[in-house]
Amino acid sequence: MKWLHKDLLDVSQLSHAEVMAIFETAGRFQELQERPVKKVPTLKGRSVVLFFAEPSTRTKTSFDVAGKRLSADTFSLAKSSSSLQKGETLKDTALTLQAMAPDAIVIRHWCSGAARFLADRLDCSIINAGDGRHAHPTQALLDSLTLHQEWGDMAGKTILILGDIAHSRVARSNVILLNKLGAKVRLCGPRTLLPPAVKHWQAEVYSDLTEACKGVDAVMCLRLQLERQHDGLLPDLREYARTYGLGPRHIDVANPEVKILHPGPINRGIEISSALADCTDSLILDQVSSGVVVRMALLFLYMTRKGDE
Ligand code: CP
């Protein structure tokens with residue numbers, strides 16, 4: 001497929017066929033992960049900046065690994081060690097990076113719209129690695145790839161997204177992508193952690209966790225994002241864990257082959273019990289492996305694209 005997009009801002013930009021092309025490309029890179037030498041020269045001579053203004057373990061490391069396995073040069077910029085600390089604006093930081101002529105910039109930023117802001121101003125490809133509460137398209141793609149590798153077709157499957165939906169860019173991107181792939185989406189969380197716009201999302205909303213789990217094929221737990229909660233949205237963590245923490249009793253009412261996902265990092269004992277995070281039906285570490293090959297596929301497609309959007 002001729003890849004026409006310059007930037008990846010959210011999964012809403014992608015057609016079903018383009019998502020399948022990303023999965024197919026990721027599948028080809030999967031085979032490389034099983035070889036003793038995991039590096040190929042595909043992106044030799046190209047460069048990618050990893051601009052992470054918020055903390056990250058999985059996304060940043062897997063983009064770095066992905067770039068290096070394709071022989072691209074990867075350069076990291078973190079908020080703590082950048083001139084953002086001295087008050088430089090996002091625009092000046094972006095133009096400074098552009099002047100060094102990278103082929104792509106992967107950006108994570110606390111502001112919704114930061115990736116779009118760069119995409120509108122820079123010539124190189126911008127890949128959104130999470131912007132505020134808005135979107136986390138590469139996470140949604142790796143989540144769906146993980147399920148696609150388990151099930152094949154996702155049509156007719158029911159997936160529950162559980163927890164802090166209000167602050168979750170992962171939930172927003174996943175609702176869009178799972179629907180695009182034909183799955184049914186349920187959402188469950190306390191009312192204070194559901195955004196008002198949820199009534200417009202293509203998803204069934206539940207307040208009772210046991211009801212929400214009935215018959216589901218997968219549960220995707222979300223991290224309780226305490227760093228984004230400033231308004232006393234929860235009475236206390238123990239109460240939250242008791243009411244909305246996923247445990248074995250909830251899984252008893254799900255499909256017997258239910259899969260457990262979590263984008264990480266996990267607050268064990270709060271949004272999910274350790275028994276479930278570590279159980280044989282947990283795909284949490286498969287998600288991390290999928291992250292490497294999805295990001296290899298994205299770097300390959302966006303950095304070797306032939307046309308303009
Ligand atoms: N899932 C996710 O984005 O994890 P990191 O914050 O560790 O990158």
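The rules we used
Along each chain, the written sequence defines residue order, and numbers are assigned to residues from 1. pLDDT decides what is reported in this predicted model: residues at 70 or higher carry local features, side-chain atom pairs at 80 or more are listed and counted, and totals for whole chains, interfaces and linings draw on all residues regardless. Hydrogens and waters are ignored; side-chain quantities use all the structure's heavy atoms. Only strands that DSSP links by at least two bridges are regarded as paired with each other. Numbering of helices and strands runs from the N terminus; a helix is a DSSP stretch of H or I covering at least four residues, while a strand is a stretch of E covering at least two. Every axis corresponds to a line fitted to the C-alpha atoms, with the helix fit spanning only the stretch in contact, and the corresponding angles, defined between N-to-C directions, vary from 0 to 180 degrees. By definition, residues are in contact when any of their heavy atoms lie within 4.5 Å. Two cysteine sulfur atoms form a disulfide, by the criterion used here, when they sit within 2.5 Å. The buried label goes to any residue with under 20% of its type's maximum accessible area, the exposed label to any with over 50%, and the partly exposed label to all in between, with areas taken from a 1.4 Å probe on protein chains only. The domain boundaries here were taken from an automatic or database domain assignment. As used here, buried area is the combined drop in accessible area, with a 1.4 Å probe, of two parts when they are placed together. Each reported salt bridge corresponds to a side-chain nitrogen of Lys or Arg within 4 Å of a carboxyl oxygen of Asp or Glu. Pairs of N or O atoms within 3.5 Å make up the polar contacts considered here, provided that, within protein, one atom can donate a hydrogen while the other can accept it, and that residues adjacent in sequence are counted only when both atoms are side-chain atoms. What counts as a ring pair is set by centres within 6.5 Å for rings of Phe, Tyr and Trp (its six-membered ring), and what kind of pair is set by the plane angle: stacked under 30 degrees, edge-to-face over 60, tilted for all other angles. We call a charge positioned over a ring when the NZ of a Lys or the CZ of an Arg lies within 6 Å of the ring centre and within 35 degrees of the ring normal.

Participant: Describe the sheet that holds strand β8 (residues 218-221), with residues and values.
Facilitator: Sheet architecture is open: 5 strands sit in the order β7-β6-β5-β8-β9, paired in parallel fashion. Unpaired on one side and paired on the other, β7 (204-206) and β9 (259-261) mark the two borders of the sheet. Taken over all neighbouring pairs, the strand axes of this sheet differ in orientation by 20° on average, direction set aside. Bridge count for β8 against β9 is 3 bridges, and the pairing is parallel.

Participant: Can you explain the sheet that holds strand β1 (residues 47-52)? Please cite residues and give values.
Facilitator: Strand order in the open sheet formed by 4 strands is β2-β1-β3-β4, with parallel pairing between adjacent strands. Unpaired on one side and paired on the other, β2 (73-78) and β4 (125-131) mark the two borders of the sheet. For this sheet, the mean angle separating the axes of adjacent strands, direction not counted, is 15°. Pairing between strand β3 (residues 104-109) and β4: 5 bridges, direction parallel. Residue pairing in the sheet places histidine 109 in a bridge with aspartate 131 of β4. Relative to β4, helix α11 (residues 284-303) is tilted by about 145°, and along the sheet it contacts β1, β3 and β4.

Participant: A description of the state of the cysteines should follow, citing residues and the corresponding values.
Facilitator: According to the stated counting rule, one finds 0 disulfides in the structure shown. Cysteine 111 supplies the cysteine sulfur nearest to cysteine 124, a cysteine that is in no disulfide, at a spacing of 19 Å. Of all cysteine sulfurs in the structure, the one in cysteine 221 sits closest to cysteine 279, which takes part in no disulfide; the separation is 10 Å. Overall, the relative accessible area of 24% leaves cysteine 279 in the partly exposed class.

Participant: I'd like a rundown of the domain arrangement of the protein chain, residues and numbers included.
Facilitator: Segmentation of the protein chain into domains returns domain 1 (11-136 + 291-303) and domain 2 (137-287). For domain 1 versus domain 2, the separation of C-alpha centres amounts to 25 Å. Listed as interface residues are 32 residues of domain 1 and, on the opposing side, 26 residues of domain 2. For the pair domain 1 and domain 2, the summed buried area comes to about 2300 Å², and 63% of that belongs to carbon and sulfur atoms. For the domain 1 face of the interface with domain 2, the top three residues by lost area are Val11, Arg133 and His136, together amounting to 33%. Linking domain 1 with domain 2 are 1 salt bridge, by the criterion used here. Between arginine 169 and glutamate 54 there is a salt bridge, with its nearest N and O atoms 3.0 Å apart. Counting every contact that joins domain 1 to domain 2 gives 11 residue pairs in polar contact (both at pLDDT 80 or more). When contributions to the side of domain 1 that touches domain 2 are tallied by element, the ones reaching two or more residues are α1 (16-33), α2 (58-69), β3, β4 and α11. Considering each element in turn, the side of domain 1 that touches domain 2 owes the most residues, 7 residues, to α1.

Participant: I'd love a proper account of the packing of aromatic side chains, names of residues and values included.
Facilitator: Evaluation of the coordinates by the stated rule reveals 3 aromatic pairs. Between tryptophan 3 and tyrosine 302, the ring centres sit 5.5 Å apart and the planes meet at 70°, which makes this aromatic pair edge-to-face. Placement of the pair is tryptophan 3 in the segment before α1 and tyrosine 302 in helix α11, with a sequence separation of 299 residues. A centroid spacing of 6.0 Å and a plane angle of 75° characterise the contact between phenylalanine 29 and phenylalanine 300, whose relative ring orientation is edge-to-face. Here the residue phenylalanine 29 occupies a position in helix α1, and phenylalanine 300 occupies one in helix α11, the gap between them amounting to 271 residues. Against the face of phenylalanine 117 rests arginine 121, its NZ or CZ located 3.7 Å from the ring centre. Note that lysine 157 overlies the ring of tryptophan 151, its terminal NZ or CZ placed 4.9 Å from the centroid.

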